[in-house]
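Report on the structure
One-letter residues, chain by chain:
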Amino acid sequence: EKERSGGIKCPDSNIFEVELTEIERLSEAVDSHDSLKVNKFLDHLCGRKEWLGERIAKTEKEIESLREKKAKSDSLEQLEDIKLINGKKVLFREFKDHNMEILRSVSDSLQGTLKSCVLVMANILPGRINFLVTVTPDLVAAGVSAKQLAEKLAEVVQGKCGGKENKAEGGGKDPSRLQEAFREIERLL
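Residues numbered from 1 in each chain as written. Predicted model: local features only at pLDDT ≥ 70, side-chain atom pairs only at ≥ 80, totals over all residues. Heavy atoms only, no water.

Here we look at the sheet that holds strand β1 (residues 83-85)
What counts is decided by this rule: Here, any two strands with at least 2 DSSP bridges between them count as paired. Put simply, DSSP H or I for four residues or longer makes a helix, DSSP E for two residues or longer makes a strand, and each gets a number counted from the N terminus. Every angle, taken between N-to-C directions, lies between 0 and 180 degrees, and every axis is a line fitted to C-alpha atoms, over only the stretch in contact when it is a helix. Pairs of residues are marked as contacts when any of their non-hydrogen atoms sit within 4.5 Å.
With mixed pairing, the six strands of this open sheet are ordered in space as β1-β2-β3-β4-β6-β5. Of all strands in the sheet, those bounded by a partner on one side alone are β1 and β5 (159-163). The sheet shows a mean angle of 20° between the axes of neighbouring strands, taken without regard to direction. When strand β3 (residues 118-125) meets strand β4 (residues 128-135), the two strands line up antiparallel, connected through eight bridges. In the strand pairing of β4, Val 118 is matched with Val 135. Across the sheet, helix α3 (residues 100-114) touches β2 (88-96), β3, β4 and β6 (167-172), and the angle it forms with β4 is around 25°. Sheet contacts for helix α6 (residues 178-188): β1, β2, β3 and β4; angle to β2, the most-contacted strand, approximately 170°.

Concerning the confidence of the model for the protein
Formally: pLDDT gives the predictor's per-residue confidence on a scale running from 0 to 100.
Looking at the protein as a whole, the pLDDT averages 84, with 89% of positions reaching at least 70. Below pLDDT 50 for its whole length, residues 1-9 participates in three contacts with residues either more than four positions away or in separate chains.

Quick notes on helix α1 (residues 20-31)
Defined as follows: One fewer than the residue count of a helix, multiplied by 1.5 Å, yields its expected span.
Helix length check: α1, at twelve residues, gives a terminal C-alpha distance of 16 Å against a target of 16 Å (1.5 Å per residue), a fit within 8%. Just past α1, the residue His 33 takes up positive phi, approximately 55°.

Description of the packing of aromatic side chains
Rules: The pairing test for Phe, Tyr and Trp rings, Trp by its six-membered ring, is centres within 6.5 Å, and the orientation test on the planes gives stacked under 30 degrees, edge-to-face over 60, and tilted for anything in between. Whether a residue is buried, partly exposed or exposed follows from its accessible area with a 1.4 Å probe, protein chains only, as a fraction of its type maximum: under 20%, in between, or over 50%, in that order. Counting as a charge over the ring demands two things of the Lys NZ or Arg CZ atom: a distance within 6 Å of the ring centre and an angle within 35 degrees of the ring normal.
On inspection of all chains with the given rule, the structure shows one aromatic pair. Between Phe 92 and Phe 182, the ring centres sit 4.8 Å apart and the planes meet at 40°, which makes this aromatic pair tilted. Residue Phe 92 is located in strand β2, and its partner Phe 182 is located in helix α6; the two are separated by 90 residues in the primary sequence. Summarising the burial analysis for this pair, Phe 92 and Phe 182 share the class buried. Cation over ring: Arg 93 sits above Phe 95, and NZ or CZ is 4.6 Å from the ring centre.

Quick look at the pattern of salt bridges
Convention followed: Note on definitions: salt bridges are taken to be side-chain nitrogens of Lys or Arg within 4 Å of carboxyl oxygens of Asp or Glu.
Scanning all chains against the criterion turns up seven salt bridges. For the salt bridge of Arg 104 with Glu 101, the shortest nitrogen-to-oxygen distance reads 3.1 Å. Of the two residues, Arg 104 and Glu 101 both sit in helix α3, three residues apart, roughly one turn of that helix. The class of Arg 104 is partly exposed, set by a relative accessible area of 25%. In this structure, the salt-bridge partner of Arg 187 is Glu 184, at a minimum N-O distance of 2.6 Å.

Some words on the pairing of β4
Extensive coverage of β4 is indicated by the burial of seven of its eight residues. The loop that links β3 with its antiparallel partner β4 comprises two residues; one of these, Gly 127, has a positive phi angle of about 75°. Where β4 lies against β6, six bridges are found, and the strand directions are antiparallel. Bridging across to β6, Phe 131 finds its partner in Gly 170.

See below:
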């Protein structure tokens, strides 16, 4: 059907299909109380289920990898949004529907590109917010604390945080106040 409608037929797609002859043979095996054939058919279905589980897991990993690459690419395109605050490069970034792992990866990539910076990144989810604040070692030595900045962000978005002087992360309940939190961090810097 897919081929007729112009789509691409996936060679693995027949794994989803149970042919009518298979159902008829199963029915005959059940009627004749042939447990060997019934068990063989059930084993076959279990094998299909395992294969589908593996495919789903692989596809989810691929999707997450693509999301991470896109987030990194988008962030590099937004480098013109860097603010210079008291001689420090500061980047505030808002994401939607990314996990903390992606924020960490984007942070590492941006720190590698910028060398000396403060990164304040937040991920907005329905009814909540996750955030990551990172500070490069040179700025930590100059007295800038990711932990202190994250505490201010957490306070504004009604959340909690934890971390060290170079990296802190947390979450909050009020994503509508993110821009206000960004302004508060600017004032601290």
